[in-house]
Amino acid sequence: MRGFSAFFAKEVRELVRTKRLMIILAVFVVVGIMDPAVAKLTPKLFELMSDDLAQQGIAVGEVKVTALDSWTQFAKNVPMALIVTVVMFGGIYTSEYARGTLIPLLTKGLSRSSVVSAKLAVMLLTWSAGLWLCCGITYFYSDWYWDNSAVKGLLFAGFGWWLFGVLMISCIVFFSAFAGSGAQVVLGCGAVYFAMTMAGMYSRAKEYLPTRLCDSLPLYKGELVPSDYAAAAVITAAVSVVLVLAALPLTYRRQV
């Protein structure tokens with residue numbers, strides 16, 4: 001436990017020193033502000049374009065914006081923040097192997113499981129802080145300008161995105177156990193997402209896939225309820241645990 005605490009503190013210091021924490025949180029803040037901002041500006045954009053559209057024979061009526069439009073923007077923009085998080089953390093393990101900085105620590109008795117668990121904890125805490133900060137900013141401004149009570153399932157939708165991010169972080173842990181570079185880890189995570197997206201084209205598989213958790217719009221509209229996402233949530237959690245557990249023996253076998 002002492003080894004975990006010491007390595008965890010080292011990871012936090014490095015996260016702050018390299019400014020990765022600042023960059024990741026800044027992206028989440030920008031996304032949180034951008035969601036209601038885009039929705040608020042949409043009527044003005046259509047108003048500015050109305051003359052050009054009228055010349056093309058397109059009549060633009062009054063555009064009414066609600067909190068639903070803001071949360072729709074959230075569902076569209078939060079993947080960008082997740083991508084930045086994956087890219088920033090893609091080399092969190094492989095850079096240690098490349099620099100050989102783990103060798104002195106391992107020879108002094110630090111277990112590899114402490115290394116894996118400490119890095120995993122740092123990534124999970126950063127992702128959790130960023131996502132819920134983004135949700136909080138979007139919620140505040142959406143409620144300020146409109147009324148969030150018209151949007152359903154906000155808390156569960158946020159949880160769904162959080163759990164999907166946990167899966168992507170678990171993929172980082174798994175691929176880092178044998179990948180040679182951070183780029184390979186990021187590509188591995190992208191391949192997993194692509195495979196899930198392709199599998200989601202089959203209607204029978206869609207409700208069981210982790211990508212189901214990213215489909216927030218039907219939940220916001222009340223067309224679906226949280227129980228409709230239960231199977232995907234359970235499978236996502238189970239796969240995340242399996243990926244981390246599978247990474248442990250692979251990490252022990254890896255040469256440093």
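Computed from a predicted model, the values in this text were never measured in an experiment. (Residues numbered from 1 in each chain as written. Predicted model: local features only at pLDDT ≥ 70, side-chain atom pairs only at ≥ 80, totals over all residues. Heavy atoms only, no water.)

(A) Representation of the overall build of the protein chain. Scanning the protein chain from terminus to terminus reveals eleven helices and zero strands. Overall, the protein chain shows an N-to-C arrangement of helices and strands of α-α-α-α-α-α-α-α-α-α-α. Expressed as lengths along the three principal axes of its C-alpha atoms, the size of the protein chain is roughly 70 × 40 × 35 Å. The buried share among the 256 residues of the protein chain stands at 41%. For the protein chain, long-range pairs separated by at least 24 residues make up 81% of all intrachain contacts whose partners lie at least 6 apart in sequence. (Helix = DSSP H or I, 4+ residues; strand = E, 2+ residues; numbered from the N terminus. Buried < 20%, exposed > 50% of the residue type's maximum accessible area, 1.4 Å probe, protein only. Contact = heavy atoms within 4.5 Å.)

(B) Here's a closer look at the packing of helix α6 (residues 112-145) against helix α7 (residues 154-176). One way to put it is that α6 packs onto α7 with a least axis distance of 10 Å and a crossing angle of 150 degrees. Relative to α7, the element α6 is oriented roughly antiparallel. With respect to the hand of their crossing, α6 and α7 are arranged in right-handed fashion. Residues Val116, Leu120, Met123, Leu124, Trp127, Ser128, Leu131, Trp132, Cys135 and Tyr139 of α6 pack against Leu154, Leu155, Gly158, Phe159, Trp161, Trp162, Gly165, Val166, Ile169, Ile172 and Val173 of α7. Split by residue class, the contact of α6 with α7 holds 18 nonpolar, three polar and no charged. (Axes fitted to C-alpha atoms, helices over the stretch in contact; angles between N-to-C directions. Parallel < 35°, antiparallel > 145°, perpendicular 65-115°, else oblique. Left-handed = near helix turned anticlockwise from the far one by under 90°. Nonpolar A, V, L, I, M, F, W, Y, C, P; charged D, E, K, R; others polar.)

(C) Focus on helix α8 (residues 182-199). Taking 1.5 Å per residue, 18 residues should reach 26 Å; α8 reaches 26 Å between its end C-alpha atoms and fits that length. When we look at burial in α8, the residues that qualify are Gly182, Val185, Gly188, Cys189 and Met196. Take α8 and look down its axis: the buried residues cluster within an arc of 125 degrees, on one side only. Of the exposed residues in α8, those oriented more than 90 degrees away from the buried face are Leu187 and Phe194. At its buried positions, α8 is contacted by α3 (67-89), α4 (94-99) and α7. (Expected span 1.5 Å × (residues − 1). Arc of directions from axis to C-beta.)

(D) Representation of a nonpolar patch on the surface in the model. On the surface, Ile33, Phe140, Tyr141, Trp144 and Tyr145 cluster together into a nonpolar patch covering about 550 Å² of accessible area. Ranked by the residues each element gives to the nonpolar patch, the list is headed by α6, at four residues. The residue Phe140 is located in helix α6 in this model. (Patch = residues over 30% accessible without salt bridge, like charges linked within 9 Å, V, L, I, M, F, W, Y side chains within 5 Å. Areas by Shrake-Rupley, 256 points an atom, 1.4 Å probe, with all protein chains shown as cover. Salt bridge = Lys/Arg side-chain N within 4 Å of Asp/Glu carboxyl O.)

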